[in-house]
Every structure is written in C-alpha cells, then in structure tokens.
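Structural description and commentary
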Amino acid sequence: MEELIHFDKQLLLLLNGSDSLFLDSLIMTLTTAQTWIPLYMALFYVVWKANRTPREIFFIVAAAGLCVLLAGGVDDEIVKPLVARWRPTHDPEIGSLIDTVNGYRGGNYGFFSAHAANTFSLAVFFSLLMRHRLFVCFVVGWSLTNCYTRLYLGVHYPGDITVGLLWGGFVGWLVYRLYCRVTTPAKYEFRDLLVPVIVLCLTLLFGLIKAFFNS
C-alpha cells in the first residue's frame, strides 16, 4: 500500500501543472461547473424532444439529480470526512511541490474526486439512455476532460480520480437500471444528439479563445 501511495504521488507530479499561461486559463475554465451549463441545457433539450409528457421528462431529470446526489453527495458528505486523505495541495509531504493556478487549492480532503464521480455518473447514465456511439464518445470525453483538469490543478491524486470514476460509473448504471424499472426509455434521434455534441465543441472553443486572450 505504501508503494502504491508513493506511485500515486509521483504520477501526479508528472501530470500536474505547466509553464503555460494559456493552459492554466483553459484548465480553469474547463474545471468550472458554470462552464458546462450550456451542455446541461442541450441535454435537457434532447430529453424534451424525445419525451413529450411532463411525467417522462420529470423521471429523467430526477434520475440525473439522483446520479449527482449519490455520486458526489455521498463522497462530499460521507467519504471525504471519513477517509480524510489530504488533497495534494494540502499534503505536508508534497504540497510545496504542487504547481497551483491562481492560488486555487480546494478543500482539505480529496478522496475521492467528486468531479470524476459526478461527471462520469451522468456520462454513463445518459450514454445508456441515448445509446449512440458518437454521443457516448463525446460525453465520456467530457467527463475525462474534467478529471484531467483536477490532476493538472493538483487538487486530486490519480487514485482519487480512479475511485471517483469507478463509483460514478456504478452510480450511473444503477440509476439507469432503476429508471428502466419505472418507465420505458424513449428512442433518441441521432440528429437531436448532435446538439449536445456541437455544444461541447463550442464550449471547448470558448475555453480556447478565452485562454488565448488571457495568456
């Protein structure tokens, strides 16, 4: 276990930070929850197009909320205080070696990553719900991008991210199974699923342009 923890820390130091102001700005934009509001709105649009009754739409919105509650809520309220593993930025052993951006260090404890758990639970749930390969690739890529930002900023170890992904994936699958017990999933048209894909691309473009002017 000591060797695994040591490897976890050394791997983070390889992935953490850079000398690029451009990347610093881009990562800070992509790691911010508000940046992805357009994506959530695009997903709601797709749900609304495929599910015409308020009852059907409510079940999906409630399922997405349950994903976040189980994935991130359990982590923040139970696991992090119980395990009490320091974030890298607060770790007495390597905290001084972490390259931070704009002084951002996060809370005291980092096991496991709520960013990883939340985004991957939603990615898995909507992937199972909508079942189109291109959409799945983009939404999983969105989650993994969020995970990388946490390593770049030095606020999570790779182990924190890995456990967050495992927990988030399980939660997304579990919530989807519960959803299928309540109602029958609708069929989603590929042309509608292009909307969140395009929004993801435009959001990334926004981050790149913002980073260019800030660097």
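Here, every reference points to the structure presented above.
Reading the values: rules and limits
- Residue numbering note: each chain is counted from 1, following its sequence as written.
- Restriction of local features to residues with pLDDT of at least 70 applies here, the model being predicted, together with a cutoff of 80 or more for giving and counting side-chain atom pairs; totals for whole chains, interfaces and linings are based on all residues.
- With hydrogens and water excluded, all non-hydrogen atoms of the structure serve as input to the side-chain values.
- Each helix is a run of DSSP H or I of at least 4 residues and each strand a run of E of at least 2, with the numbering of both proceeding from the N terminus.
- Based on C-alpha atoms, the radius of gyration is set beside the globule rule, defined as 2.2 Å times the residue count to the power 0.38.
- For every residue, the accessible area (1.4 Å probe, protein chains only) is compared with the maximum for its type, and the residue is labelled buried under 20%, exposed over 50%, or partly exposed between those bounds.
- Positive residues here are Lys and Arg, negative ones are Asp and Glu, while His and the chain termini are left out of the count.
- In this description, the location of a charge corresponds to atom NZ of lysine, CZ of arginine, CG of aspartate or CD of glutamate.
- Polar contacts, as counted here, are pairs of nitrogen or oxygen atoms within 3.5 Å of one another; within protein the pair requires one atom able to donate a hydrogen and one able to accept it, and residues that are adjacent in sequence qualify only if both atoms are side-chain atoms.
- Only the stretch in contact is used when a helix axis is fitted, and all axes are lines through C-alpha atoms; the angle between N-to-C directions ranges over 0 to 180 degrees.
- Each angle is binned into one of four classes, with values under 35 degrees roughly parallel, values over 145 roughly antiparallel, values of 65 to 115 roughly perpendicular, and all other values oblique.
- Left-handed describes a crossing whose near helix is turned anticlockwise from the far helix through less than a right angle; right-handed describes the clockwise counterpart.
- Here a residue-residue contact requires only that any non-hydrogen atoms of the pair lie within 4.5 Å.
- Here a helix's expected span is defined as the number of its residues, less one, multiplied by 1.5 Å.
- For this analysis, a salt bridge means a side-chain nitrogen from Lys or Arg found within 4 Å of a carboxyl oxygen belonging to Asp or Glu.
- Disulfides are defined as cysteine sulfur pairs within 2.5 Å.
- Note that patches include only residues with greater than 30% relative accessible area and no salt bridge, and the join distances are 9 Å for like charges and 5 Å for nonpolar side chains (Val, Leu, Ile, Met, Phe, Trp, Tyr).
- To be clear on the numbers: accessible area is Shrake-Rupley with a 1.4 Å probe, and residue cover counts the displayed protein chains and nothing else.

1. A few points about the overall build of the protein chain
Along its length, the protein chain carries 8 helices and 0 strands. Tracing the protein chain from N to C terminus, the helices and strands come up as α-α-α-α-α-α-α-α. Its C-alpha atoms give the protein chain a radius of gyration of 18 Å, near enough to 17 Å, the size a compact globule of 215 residues would have. For the protein chain, with 215 residues in total, the buried portion stands at 44%. Of the charged side chains in the protein chain, 16 are positive and 15 negative; the average position of the first set lies 15 Å away from that of the second.

2. Points about helix 2 (residues 21–31)
Buried within helix 2 we find Asp 24, Ser 25, Leu 26, Ile 27, Thr 29, Leu 30 and Thr 31. Of the residues flanking the start of helix 2, the one acting as N-cap is Ser 20, its side-chain oxygen 3.3 Å from the backbone nitrogen of Phe 22.

3. Notes on the packing of helix 4 (residues 54–83) against helix 5 (residues 114–130)
Where helix 4 contacts helix 5, the two axes come as close as 9 Å, and the packing angle between them is 155°. Taken together, the axes of helix 4 and helix 5 lie roughly antiparallel to each other. Seen from above, helix 4 lies across helix 5 with right-handed handedness. Contacts from Ile 60, Ala 63, Ala 64, Cys 67, Val 68, Ala 71, Gly 72, Asp 75, Asp 76 and Lys 80 of helix 4 reach helix 5 at Ala 114, Ala 117, Asn 118, Ser 121, Leu 122, Phe 125, Phe 126 and Leu 129.

4. Let's talk about helix 7 (residues 158–182)
Between the first and last C-alpha of helix 7 there are 36 Å, a value that for 25 residues agrees with the 36 Å anticipated at 1.5 Å per step. Along helix 7, the residues that are buried comprise Pro 158, Asp 160, Ile 161, Gly 164, Leu 165, Gly 168, Gly 169, Val 171, Gly 172, Val 175, Tyr 176 and Tyr 179.

5. Here we look at the pattern of salt bridges
Applying the stated criterion across every chain, the model contains 8 salt bridges. Of the charged contacts, one joins Lys 9 and Glu 93 as a salt bridge, the two residues approaching to 2.8 Å between their closest N and O atoms. Highlighted residues: Lys 9 in helix 1 (residues 2–15) and Glu 93 in the loop between helix 4 and helix 5, separated in sequence by 84 residues.

6. Quick look at the state of the cysteines
A complete count under the given rule lists 0 disulfides for this structure. No disulfide involves Cys 67; its nearest neighbouring cysteine sulfur is the one of Cys 180, lying 12 Å away. Between Cys 147, a free cysteine, and Cys 67, which holds the nearest cysteine sulfur, the sulfur-to-sulfur gap is 15 Å.

7. Regarding a nonpolar patch on the surface
A surface patch of nonpolar side chains, about 800 Å² in accessible area, is lined by Ile 198, Leu 202, Leu 204, Leu 205, Leu 208, Ile 209, Phe 212 and Phe 213. By secondary structure assignment, the location of Ile 198 is in helix 8 (residues 190–214).

Any functional reading would require information beyond the geometric quantities listed.
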